[in-house]
Amino acid sequence: MQDSSLSQLLAPAAGHRPSKIVCVGRNYAAHAAELGNAVPAEPLLFLKPPSALIGPDEMVLLPAESTRVEYEAEIGVVIGRRLHGVAAEEAFEGIGGYICANDVTARDLQKRDAQWGRAKGFDTFCPIGPRVASGLAWDDLEVCCRVNGVERQYGRATEMHFPIPDLVSYISRIMTLEPGDLILTGTPAGTGPLVEGDVVEVEIAGVGTLRNPVGRATP
Ligand code: MG
């Protein structure tokens, strides 16, 4: 699949949305530790609603329900073809490309709730962009996060506890992955708060830089 058709699948403004956004928690040991958690024995999965998607330069809106919203820079995997119950090698071949993603999280609500649908699911809590890049080696990928130009996070895909092909395989055994579906592969250490007026950037070399301003939601 060409970059452009994958990008079309993921263009929220054009009404194209993935059928699901599957996220992986605690996939970098250092990030799990900073929140007082161990790395899980099996991938820890949760979902973000497609309604949370925004694109480059769109505003992340801080909801009134939360007093602590944090950035989580992540390597996004875009599924290129239908995958159901596949082994890691076939899963890897079904990856259409990679995209910068920000798993924006209401940390206070995440700690309060047993399930994370609220903390992870507000509108604008899933910025992605600036494009889908294909032809990259997954184990060369690096992701970093800057807030107002200052680097806050840096991680390599090779530091993930569950590598990308294994994650895609694992998820495909639970739910059929459709073209355009997104997987957010976990965030490295260094997560922190966003406040009104910030500009948050997620960069993956070879993919580009996703930049979003931060504002306040109007009730
Ligand atoms: Mg995350």
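Everything numeric here is computed off the predicted structure, so don't read it as measured data.

Trainee: With reference to specific residues and values, describe the sheet that holds strand S15 (residues 208–216).
Mentor: The 5 strands are arranged S4-S15-S14-S10-S11 in an open sheet whose pairing can be described as mixed. Of all strands in the sheet, those with a lone pairing partner are strand S4 (60–62) and strand S11 (150–156), marking the two edges. Across this sheet, the average inter-strand angle for adjacent strands is 20°, counted without regard to direction. In this structure, strand S10 (residues 142–147) lies alongside strand S14 (residues 199–204), joined through 5 bridges in antiparallel fashion. By the bridge assignment, cysteine 145 is partnered in S14 with valine 202.

Trainee: Describe the side chain of glutamate 72, and please don't skip the residues or the numbers.
Mentor: Turning to its location among the elements, glutamate 72 is positioned in the loop between strand S5 (69–71) and strand S6 (73–79). Side-chain polar atoms of glutamate 72 contact the side chain of arginine 107, separated by 2.9 Å. Polar contacts involving the side chain of glutamate 72 include one to the side chain of lysine 120, which spans 3.4 Å. The residues contacting glutamate 72, other than those within four sequence positions of it, are His31, Ala101, Asn102, Asp103, Thr105, Arg107, Lys120, Gln153, Thr187 and Thr191.

Trainee: I'd love a proper account of the packing of aromatic side chains, names of residues and values included.
Mentor: Aromatic ring pairs are defined here through the distance separating the ring centres and the angle between the ring planes. By the definition in use, this model includes 2 aromatic pairs. Ring geometry for phenylalanine 122 and phenylalanine 125: centres 5.2 Å apart, planes at 55°, overall tilted. Take phenylalanine 122: its relative accessible area is 17%, and that puts it in the buried class.

Trainee: Give a description of the coordination of the magnesium ion that names residues and reports values.
Mentor: Ideal coordination angles are 109.5 degrees for a metal with four donors arranged tetrahedrally and 90 or 180 degrees for a metal with six donors arranged octahedrally. Surrounding the magnesium ion are the protein donor atoms Glu72 (OE), Glu74 (OE) and Asp103 (OD), which sit 2.0 to 2.1 Å from the metal. Residue glutamate 72 is classed as buried on the basis of its relative accessible area, which comes to 4%. By relative accessible area, which is 0% here, aspartate 103 ends up buried.

Trainee: Tell me what's going on with the pairing of S11, and back it up with residues and numbers.
Mentor: Strand direction decides the pairing type here: S10 and S11, joined by 6 bridges, are antiparallel. Residue pairing for S11: arginine 146 is matched across the bridge by glutamate 151. Following S10, the chain reverses through 2 residues before pairing antiparallel with S11; asparagine 148 in that reversal takes a positive phi of roughly 55°.

Trainee: Could you give an account of the side chain of asparagine 27, naming the residues involved and the relevant values?
Mentor: Mapped onto the elements, asparagine 27 comes out in the loop between strand S1 (21–25) and helix H2 (29–34). A residue is classified by how much of its surface remains accessible, and asparagine 27, at 0% relative accessible area, is buried. Reaching out from asparagine 27, the side chain makes a polar contact with the backbone oxygen of threonine 185 at a distance of 3.1 Å. Ignoring sequence-local partners within four residues, the contact set of asparagine 27 consists of Glu159, Met160, His161, Phe162, Leu167, Thr185 and Gly186.

Trainee: So what about the pattern of salt bridges? Which residues, and what values?
Mentor: A full pass over the atoms with the stated rule returns 15 salt bridges. Its salt-bridge partner being lysine 120, residue aspartate 103 comes within 2.9 Å of it at the nearest N-O pair. Pair noted here: aspartate 103 is in the loop between strand S7 (95–102) and strand S8 (105–106) and lysine 120 is in helix H5 (residues 117–121), with a separation of 17 residues, a long-range link. Looking at lysine 120, the relative accessible area reads 2%, which means it is buried.

Trainee: Explain unusual backbone geometry to me, using residue names and the numbers behind them.
Mentor: The residue after glycine 129, namely proline 130, is reached through a cis peptide bond having omega -5°. The backbone phi angle of threonine 124 is positive, close to 75°, even though this residue is not glycine. If you trace the backbone, threonine 124 turns up in the loop between H5 and strand S9 (126–133). Classification of threonine 124 as buried rests on a relative accessible area of 8%.

Trainee: Describe the pairing of S1, listing the residues and the values that go with them.
Mentor: Summarising burial for S1: 5 of the 5 residues are buried, a large majority. Here S1 shows a buried face lined by Ile21, Cys23 and Gly25 and a second buried face lined by Val22 and Val24. Relative to strand S2 (residues 44–48), S1 is paired through 5 bridges, and the arrangement is antiparallel. Paired with valine 22 across the two strands is leucine 47, which belongs to S2. With 3 bridges joining them, S1 and strand S12 (residues 182–184) adopt parallel strand pairing. Bridge pairing in S12 places cysteine 23 opposite leucine 184.

Reading guide: rules and limits
- Residues numbered from 1 in each chain as written.
- Predicted model: local features only at pLDDT ≥ 70, side-chain atom pairs only at ≥ 80, totals over all residues.
- Heavy atoms only, no water.
- Pairing = 2+ DSSP bridges.
- Helix = DSSP H or I, 4+ residues; strand = E, 2+ residues; numbered from the N terminus.
- Axes fitted to C-alpha atoms, helices over the stretch in contact; angles between N-to-C directions.
- Polar contact = N/O pair within 3.5 Å; in protein donor to acceptor, adjacent residues only side chain to side chain.
- Contact = heavy atoms within 4.5 Å.
- Phe/Tyr/Trp six-rings, centres within 6.5 Å; stacked < 30°, edge-to-face > 60°.
- Buried < 20%, exposed > 50% of the residue type's maximum accessible area, 1.4 Å probe, protein only.
- Donors = N, O, S within 2.8 Å, 3.2 Å for Na, K, Ca; no water.
- Salt bridge = Lys/Arg side-chain N within 4 Å of Asp/Glu carboxyl O.

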